[in-house]
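Below, each chain spelled out in residue letters.
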Amino acid sequence: MLPRTPGRPLGSLCLAAFLSFVPLLPIATAASSSSSSKSTLPKIDFGAIGSVGVVGSFGALSLYDPSTPPTTYDSTASTLIARDSAGELTSLGATNTGGLVSAVCQSPGGPVYVGGTFTSFDDVTVSNIAEYDPTSRKFTPLGAGLDGPVLALSCNSTTVYAGGNFTGPVGATAGTYKGHVAAWSIGASAWSPLPFAGLNGPVATIAPSLDGNSLFFGGSFSTSFQNGTAGTRTTTNISLVGNGTVFASLGSSLTPISLNGSDYVASPTTYESGFGRPQYAFCPSGPDGVSNTWLLVDGTDGSFISRLYRPLRVRGIRLGNTFYGGRGTRNFSLTSIPDNTVLELTYASNASDSTSTLATCQANCILAHDPAVPYQDFLFPANWTMTGFELNIFGHYGAGAGLHLLQLLSDGAYDYAVAANNLSPCTAGLAASTESTVSTSGNWTQESVYGGIAGTYQTVLYGNVPGGTSAADAPTLTWTPYLVQDGQYEIFLKTPGCQAENDCSQRTSVSVVVTPTGGQPTTTTVDQTGKQDSSVSIYTGPLVASDQSGGGVIVELGLASGAASTVGTTYHMVAEMITLFAASTNGGATNTTIGSVGTITAGHGLFEFALAGTGSFGDAVPAASTLDATSTLTNATGFDQLGFALSSNAVVNSIVSVGSDASTARVFVGGSFTYTSTTGASSANVVEYSLGTVTVAPNGGLAGNVTSLVQLDGYLYAAGTFVATSDGTVTGLDGAARWQYNTTGTSWTALSSSASSAPSVGGSIVALGLVNMGTNDSVVAVGGGGSGLAFFSPTSGNWNSSAAGFFLGNLTAFGSATNPAATNATVYLAGNVIAASSHAAPGGSSLSANNGVPQLSPLGFELNSTASTSASTSAAVATSSKTARRSPSATKRSLLRDAMNMMIPRSSPSPSPPSLIERAPAAITTSLPSALSATTTGEILTGAFWKNGSTSYMLLAGRFVSAAVQNVGLYDINRETLKALVGETIVGTVKASAIFSNIAWLAGDFATGSGRQGLATYDLSKSAIDESQPGLSGYTGANATVNVVIQRPGFDSTIVVAGAFASAGSLACQSICSWDTKALQWSSLGSGLQGVVGSLAFTGSNSQYLLAAGSFLINSTTTYLAQWNYQNATWTIPGQASDLPGPATAVSADGTDDAKIFVAGTSGASAPYLYHWNGTTWASINSGGLETGSGVQQLVFVPLTTDHSSNDVIEKDRMLLVAGDLTINETSTSTALFDGETWYPYLVSTSALGGAGVVSQFFYSITDFSLAGRHHLSVGIVILISIAIALGVVFLLVLIGLLIALARRSDEPAYPPSQPRLRTDQSDDLRPKHHPTALLEAVGAATAVMLDKKGGDEKRGPPADHDSIAGPMSFDGATSWDDGDAGPETGGVARARYSFHGEHVGELSVSAGEDLVILEASDANWYLVANSIGQRGLMPASYLAG
């Protein structure tokens, strides 16, 4: 039994009372300032708990905002996001599944307009264009919308100009719009054609001049002017390639057939965002990469099957390989449907030379993997007809197979009578083609006829002609087929037989007129009364490619003269299709000339439209209502003439206007083209135009497609697929570069000198924009690469890694503010979004309060993309991309799901207490996987604060790599740097950490460099490994794992570790063990806990009880919570073992009240639970709280500055903080506060993969704060108290000394131990009297202890009947001093028989067996002593032995 503690000297009590009052002053001040906070979140008292850190498995972390709950994004749709001046991201709405936003513009002070390819926005039906009102936050359609994709928008206060690949508004009168451009009147809410009618190809960009006098259009169209200088035109026999080069293929004259309308299936496609859809390869509008490439699952074979259900006269297939990440398709074969024939394919033996020797393959064809070969054509046997095909892929390059281009080729150019059959698979980009067109007059009806193959049908047009109708009055049909190249052609008219349609008696003859542009018409009469399908030749001769000036051909079908002579009979004219066969599939016929093109000059990709006056440069003629830009124009402006010098396959993607008048105006043009001047100077993909002058870009331009341009402060910024300049002198551009155009002699430069600082969108940027960051402007880059948003700071010359926040997805459009220089402007982003948050925090975050409002500050370092692997065989397996996005209602969270299943014990025989030889039965679960699922960037799971002098640090640990730091590091809070622990190697996962007396304790599922398992200690003050503890050993067949490390409050030398292990050193210690830092030895807690322990907490007066949560056996009973009593050294179960429904993952007690215990876990049905113990019974308190799929990682109480409503569960001045992966009210959150009745979501996190993140730990610097210690004093009282303290401190010290002296002179009985005693008790009158000098000595001793920082620094101690150390630490045979003994000499050494824990200032806590130096022994009851490290203080004399 331990002796009772003698009564404390009164001076010590008074001093303690005085000092305990002083710390309340700053707390009261903080409380008063926080009262002005307007935050709706519960107000945590950060002044009481100090600095706070938040760590877990997340890439972004933000405070919960009730007004804007967390957004769940659909990555299969395109989402519009607003970014305000503070960097906050707000989701505004999304398109239909598969929708694409290509352009965004803002009307000054008004709505936002969004264009692309979609049928709805935010569930509002629209057609490819929509209006968003920031005030009402609603989307509305623009009339009936546009009938094709919108690629470009330009807005002013009155008009929205739209460009793209459409004809005009839905339902517009035929012929009103000539295609690809339209104008929306904001005031009239109506569509109208532009005064120049339209353009003959897709429009990719529209840019106004700064003075508002001109609109500059760019795209893949051509223009014709009569005032240009005619040049010599030579056929180039090309197909468009995305990087601006030309490529002659084996099937150059063949026309791609659209697969978009086919019934297709592909398997197995990748789950990587932006690569999983085969249609990405049908028409890749951009470079090989996100949303332009189809990938299979890495390492697998696969197939693509397409069925069109109509007969196709096909000649081949065009395949373009992918080079994304080194991937590519290698081996393939092609099977025809419906006959299931594996086709023999013919191809050019040299893939880069279409004139090389032809070769064939069948069962095993090889696709080239050469970046110089954008695609290969493989030809089918002649006259082959099919309804579909199957492409089998069974070999790959690199990690897996994929395709950048997939097109079926017809056996020539074609033009169907039914316009819907003429859909072009691709109007811009790689292997682009232009749709053939058809028009009709008169009475035509659409019918389905037999297709020639069983089960197939073909749509045709029937012209119904009443008998007696003349040829002039009969219906007509006009085909305008698109010719890819010049050459010798034969044109055939295909007519379905009349027998299958049973209309032979109504068939008649038709007249077909073929008119080559610039040539003479040829007329052929065709008899359509044949019973079988027929193809009749109607023209043979030269034709010029349609995109050349004077090129193309028109075929008109009408009634033959006298072919409807019988009155009363209705005759049928039938129109199915025309087919144009070239003499050579690879473009062998060149330099074709038909007639004379006179002085007409062709322009490519550029057109200027004068909005006012004579345009921006003063050389334009005001547009007339009869102007038609699809035909030959006059008076080309200087800007139009720039198009004369661009390559014929030019695609202009971006135009930037600079300068406010004609003398200063400049226009920069970027895209995929080559500019060649009359003197031979050339510029690739970028060129500058000013009045009458063209300036080539430095270094010959950029060696790759330019997707976007933006100008800022004399610099032109360019983005695209280039990595170097055209002359090769500047490399490493990675798709982004700038040119200081105002300074002569400059070159292109990269946007960062450090490759490591380049954003992940590098090489796949689709749009650039400007945004004002408050102090200076930044250039915004949006695109693919998974993290599609980046900010470049021109001031620093580097990418700003924090400005973008956390973004996961592929952006396709950016809408700049109407005034980019405005500091309060909002910009808009759009694309396929997986996750977005304003605050990226991949390494964790600190949490504090600013004027009472909580705020997060991300830690200043990044995590690498790969984290270390686990040392244990039970390491968690990374989640697949299928489950990367998690829905609160459908998918289980990553936190502890697998852990819960593994923690449920299986049935086993009743075990006996394990020893070093006989460990726990194998049937008992003894291991926990990583508490959180693995991510591609790792995760920081635990942290602790440490102060070294004036420098504050965070110890951060988990499973991560950051530069040279792996799994554990020390973070300098002020410098924002992370450094490794010198000499320490951790391989695996650190799950828990703590710092006690400069020693860092690391626990988890890992191995150290020296071979220790699950537990490591490190001396931070010495920067050295500390291995003072004998290592842990796991159960048979498993490594030792430790899940929690905790220090017993008031017993600083007692540290408890728990997890799943069998022994500590030579001591049998099942899953929980106690370490004495002074005795340097392990001790077991009874027979331990057979199973796994995941959480610990102390409760009771003076930490009498230790709570252990997990899944283990006690007396052969599965138990989820147990309580260790330090007084009687026994394990007990609060209530019954069956009271809790499943394994417990977290436990906490409300202060020292052992009748208020809270435990969380998961039941067998994966349902979370939260239970409360009131000292008698357990009760669930999760009503309306945690929903299915939630996982709790931590429970901890936090003090509040503002009370909540009173209830019987949790006191009103505190709340229970619950951390993990939670779903509350169908809202994903990572941290929530609970007041006993109501849940308050607090922190929301997003994982690095885009799903809901997990907070694993909420840790703070003041670990011994008191929940009951909050006081609030008025400012006046605080000031008065401060003055009183300042004036009275000297007098108070004297008074304390006098009180101490008086107390020592009083007759105070001593309380020596009852056992053991070495002599009989003596009467009080034999007690020696105090010496006369004792008064001054006592005053001096107490004052020294109070003023000495080394003295009495331990925490509040245990009760008087605290347990003693038995066994080898016992002193039963030693002597002790008692009343009547002579006592020790001052300066002598004594040994503590029992542990003593000081409860007041001036007392020194000591451990049993500790040697002490006697400094003052004049008082028989209390001695002034010093320990081995120089700490001094008072302790009872009866606790000492001689």
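Small disclaimer: the values here were computed from a predicted structure and weren't measured.

Rules of the game
Residues numbered from 1 in each chain as written. Predicted model: local features only at pLDDT ≥ 70, side-chain atom pairs only at ≥ 80, totals over all residues. Heavy atoms only, no water. Helix = DSSP H or I, 4+ residues; strand = E, 2+ residues; numbered from the N terminus. Buried < 20%, exposed > 50% of the residue type's maximum accessible area, 1.4 Å probe, protein only. Areas by Shrake-Rupley, 256 points an atom, 1.4 Å probe, with all protein chains shown as cover. Pairing = 2+ DSSP bridges. Axes fitted to C-alpha atoms, helices over the stretch in contact; angles between N-to-C directions. pLDDT = per-residue confidence, 0-100. Contact = heavy atoms within 4.5 Å. Patch = residues over 30% accessible without salt bridge, like charges linked within 9 Å, V, L, I, M, F, W, Y side chains within 5 Å. Salt bridge = Lys/Arg side-chain N within 4 Å of Asp/Glu carboxyl O. Disulfide = S-S within 2.5 Å. Core = buried A, V, L, I, M, F, W, Y, C linked by side-chain atoms within 4.5 Å.

## Some words on the overall build of the protein
Across its full length, the protein carries seven helices and 94 strands. By residue count, 55% of the 1442 residues in the protein fall in the buried class. Per element, the accessible surface of the protein, about 54800 Å² overall, is 51% carbon and sulfur.

## Considerations on unusual backbone geometry
The linkage connecting serine 267 with the following residue, proline 268, adopts the cis geometry, with an omega of -10°. Within the fold, proline 268 resides in the loop between β20 (263-267) and β21 (294-295). The residue alanine 197 is not glycine, and still its phi comes out positive at about 75°. Along the chain, alanine 197 falls in the loop between β14 (190-192) and β15 (203-208).

## Thoughts on the sheet that holds strand β36 (residues 476-480)
Here we have five strands laid out as an open sheet, ordered β33-β36-β41-β38-β39, and antiparallel in their pairing. Each edge of the open sheet is held by one strand with a lone partner, namely β33 (437-441) and β39 (522-527). Averaged over all neighbouring strand pairs, the angle between strand axes comes to 20°, with direction disregarded.

## Comments concerning the confidence of the model for the protein
Residues with a pLDDT of 70 or more make up 78% of the protein, whose mean pLDDT is 79. The low-confidence segment residues 1-38, where pLDDT is below 50, has 84 contacts with residues more than four positions distant or belonging to other chains. Low pLDDT (under 50) marks residues 228-246, which in the prediction has 60 contacts with non-local residues, meaning those over four places away or in another chain.

## Quick word on a nonpolar patch on the surface
A contiguous nonpolar patch, built from Val1389, Val1413 and Leu1415 and spanning about 220 Å² of accessible area, is present on the exposed surface. Along the polypeptide, leucine 1415 turns up in strand β91 (residues 1411-1416). According to the relative accessible area criterion, leucine 1415 is partly exposed, its value standing at 32%.

## Remarks on the state of the cysteines
What the rule picks out here adds up to four disulfides. The disulfide that involves cysteine 498 links it to cysteine 504, with 1.9 Å between the sulfurs. Torsion about the S-S bond of the cysteine 498 and cysteine 504 cystine: about 90°, corresponding to right-handed handedness. Since its relative accessible area comes to 0%, cysteine 498 is described here as buried.

## So, the environment of phenylalanine 673
Looking at the secondary structure, you find phenylalanine 673 in strand β47 (residues 666-676). It is 9.1 Å that separates the C-alpha atoms of phenylalanine 673 and glycine 605, two residues lying 68 residues apart in sequence.

## A short note on the nonpolar core
Phe304, Leu319, Leu345, Phe380, Phe389, Leu391 and Leu406 are the most contacted members of the largest nonpolar core, which has 34 residues in total. Elements represented by at least two residues in this core include exactly β22 (302-321), β24 (331-337), β26 (345-348), β29 (376-393), β31 (402-410) and β32 (413-416). If sequence neighbours within four positions are ignored, phenylalanine 389 has contacts with Leu259, Phe304, Ile305, Ser306, Ile317, Leu334, Thr335, Ile337 and Leu408.

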